[in-house]
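So the chains spell out like this:
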Amino acid sequence: LMGMIDDATGEVFGLFHEYEGTMPALDSFYHYVKQHGLPQSLYVDRHQTYQSNTGPSVEEQLEGKEPKSRFEGVVESLGVEVIHAHSPQAKGRVERLFGTLQDRLVKELRLAGICTKEAANRFLLKYWPKYNRQFNAIARSSVDLSNSQSSHRPVPQEKDLKRVFSIREERTVNKDNTIQFKGKRYQIKDRWQGNPPKKIWVEERLDGKMYLMHGDRSLRYQEVEKTPAKPKPEKKPRRRATGVTPAADHPWRRSALRPSRRTPARAGVQQGGDAIASR
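Everything quoted here is computed from the prediction, not taken from an experiment.

Asks: What should I look at first to understand the overall build of the protein chain in this one?
Replies: Helix and strand content of the protein chain: seven helices and 13 strands. Looking at the 279 residues of the protein chain, the share that counts as buried comes to 31%. Here the analysis covers contacts within the protein chain between residues at least 6 apart in sequence; of these, 60% occur between residues at least 24 apart. Working note: accessible area of the protein chain is about 20,900 Å², and carbon and sulfur atoms make up 49% of it.

Printed below as a string of structure tokens:
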């Protein structure tokens, strides 16, 4: 359960996901913003989804910026501050909420006969209003702060939330009008007026689809197979040299059997053949 609780009123919101990661966190916050607007800040833990565990890149070092996770980049692009808790006790309010829901919500789901994620999320649409009417508190101030920086704010009209809540990566356009992304090759089918762009953005959105974007223009594309590399010619195995027995009249053999001038030839030695035999 990706759950959130409003610090002023105790109002609860949450959705079930398969795992805790960037896309589930973005999806949960997207539906929260659609329903409540933009909060001033988010108080989260130091899970790798919410805080980058890698060192700064060269560009970040030159600009003096700290590395940010993809979730942080999306949230802060909407003007929402991300605050990291350094211990579970620091965010004890939401931890106590999870303890309550582990008992109360699990029983409600069991009584309703729900056993799938999709059915559970449909159940939550009716469950949260009932839960909040019973347990939320009245804010200390009743002043409408929707136009202030102190509470939830409406989403700016120029912000397209479907594009904002996505994982965006820049890619280089090759000379054959293709890009490489996650080990696959994609052919851009749109024709360009003038010189083609050198860079485009790949957006993985919450609906599970991938979009190629050049500015505000969505590009048509199709996946193509990579051109197979030309096979290298097989090297012929080297022929190993085989031993050759020299003939009996070979000069090397005659020189080896010729008696030395310094040493007289032995009596009873017969030359010729492959061996030397004595009588």
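Next comes the rest of the write-up.
Asks: Quick question: what am I supposed to make of the pairing of strand β4 (residues 81-84) here?
Replies: Two faces belong to every sheet, and in a regular strand the side chains alternate between them. Burial of β4 is one-sided: the residues Val 82 and His 84 facing one way are buried, the residues Glu 81 and Ile 83 facing the other way are not. Alignment of strand β3 (residues 41-44) against β4, held across four bridges, turns out to be parallel. Its bridge partner being in β4, Ser 41 is matched across the sheet by Glu 81.

Asks: How should the sheet that holds strand β6 (residues 178-181) be read in this particular structure?
Replies: Remark on secondary structure: sheet strands pair via backbone hydrogen bonds, oriented parallel or antiparallel. The strand order across the open sheet formed by three strands is β6-β7-β11, and the pairing between neighbours is antiparallel. Sheet topology places β6 and β11 (221-224) at the edges, where each strand pairs with a single neighbour. For this sheet, the mean inter-axis angle between neighbouring strands, taken without regard to orientation, is 35 degrees.

Asks: Help me understand helix α5 (residues 117-135) in this model?
Replies: Taken as a whole, α5 carries its principal kink of about 35 degrees at Leu 125; the proline Pro 129 stands between one and four residues after it. Inspection of α5 places Ala 119, Ala 120, Asn 121, Leu 124, Tyr 127, Trp 128, Tyr 131 and Asn 132 among the buried residues, and these make up the whole buried set. Buried residues along α5 sit in contact with β2 (12-15) and α4 (92-111).

Asks: How do you make sense of the packing of aromatic side chains when you look at a structure like this?
Replies: Think of a pair of aromatic rings as described by two things: how far the centres are apart, and how the planes are tilted against each other in angle. Counted under the stated rule, the structure contains 12 aromatic pairs. For the ring pair Tyr 131 and Phe 135, a centre distance of 4.8 Å and an interplane angle of 45 degrees mean the geometry is tilted. One end of the pair, Tyr 131, and the other, Phe 135, are both in helix α5, four residues apart, so they sit about a helical turn from each other. Judged by relative accessible area, which is 40%, Phe 135 ranks as partly exposed. Cluster of aromatic residues (ring-pair linked, three or more members): Phe 13, Phe 29, Tyr 30, Tyr 32, Tyr 50, Phe 71 and Phe 165. Residue placement shows Arg 205 over the ring face of Tyr 211; its charged tip is 3.9 Å from the ring centre.

Asks: Explain the packing of helix α1 (residues 22-36) against helix α3 (residues 70-77) to me, please; I cannot follow it from the model alone.
Replies: Geometry of a packed helix pair, given as the angle between the helix axes and the separation of the axes. Where α1 contacts α3, the axes come no closer than 9 Å and their chain directions differ by 20 degrees. The angle between α1 and α3 falls in the class roughly parallel. Relative to α3, α1 is oriented so that their crossing is right-handed. Where α1 approaches α3, its residues Thr 22, Ala 25, Leu 26 and Phe 29 are matched on the opposing element by Arg 70, Phe 71, Val 74 and Val 75. Residues that form the contact of α1 with α3 fall into these classes: six nonpolar, one polar and one charged.

Asks: Whenever I open this one, the sheet that holds strand β10 (residues 217-219) confuses me. Can you help?
Replies: Strand order across the open sheet formed by four strands is β5-β8-β9-β10, with antiparallel pairing between neighbours. Of all strands in the sheet, those with a lone pairing partner are β5 (166-172) and β10, marking the two edges. When strand polarity is set aside, the average angle formed by the axes of neighbouring strands in this sheet is 35 degrees. Both strand β8 (residues 199-205) and strand β9 (residues 210-214) contribute to a ladder of four bridges, which runs antiparallel. Note that in β9 the partner of Glu 203 across the bridge is Tyr 211.

Asks: Quick question: what am I supposed to make of unusual backbone geometry here?
Replies: In terms of backbone geometry, most residues other than glycine have negative phi values and most peptide bonds are trans. Even without being a glycine, Asn 177 presents a positive backbone phi close to 65 degrees. Along the chain, Asn 177 falls in the loop between β5 and β6. With a relative accessible area of 14%, Asn 177 lands in the buried category. In this structure, Lys 182 takes a positive phi of about 55 degrees despite not being glycine. Summarising the element assignment, Lys 182 is placed in the loop between β6 and β7 (184-188).

So, how was this worked out
Residues numbered from 1 in each chain as written. Predicted model: local features only at pLDDT ≥ 70, side-chain atom pairs only at ≥ 80, totals over all residues. Heavy atoms only, no water. Helix = DSSP H or I, 4+ residues; strand = E, 2+ residues; numbered from the N terminus. Buried < 20%, exposed > 50% of the residue type's maximum accessible area, 1.4 Å probe, protein only. Contact = heavy atoms within 4.5 Å. Areas by Shrake-Rupley, 256 points an atom, 1.4 Å probe, with all protein chains shown as cover. Pairing = 2+ DSSP bridges. Axes fitted to C-alpha atoms, helices over the stretch in contact; angles between N-to-C directions. Bend = angle between axes of the 7 residues up to and from the residue. Phe/Tyr/Trp six-rings, centres within 6.5 Å; stacked < 30°, edge-to-face > 60°. Lys NZ or Arg CZ within 6 Å of the ring centre and 35° of its normal. Parallel < 35°, antiparallel > 145°, perpendicular 65-115°, else oblique. Left-handed = near helix turned anticlockwise from the far one by under 90°. Nonpolar A, V, L, I, M, F, W, Y, C, P; charged D, E, K, R; others polar.

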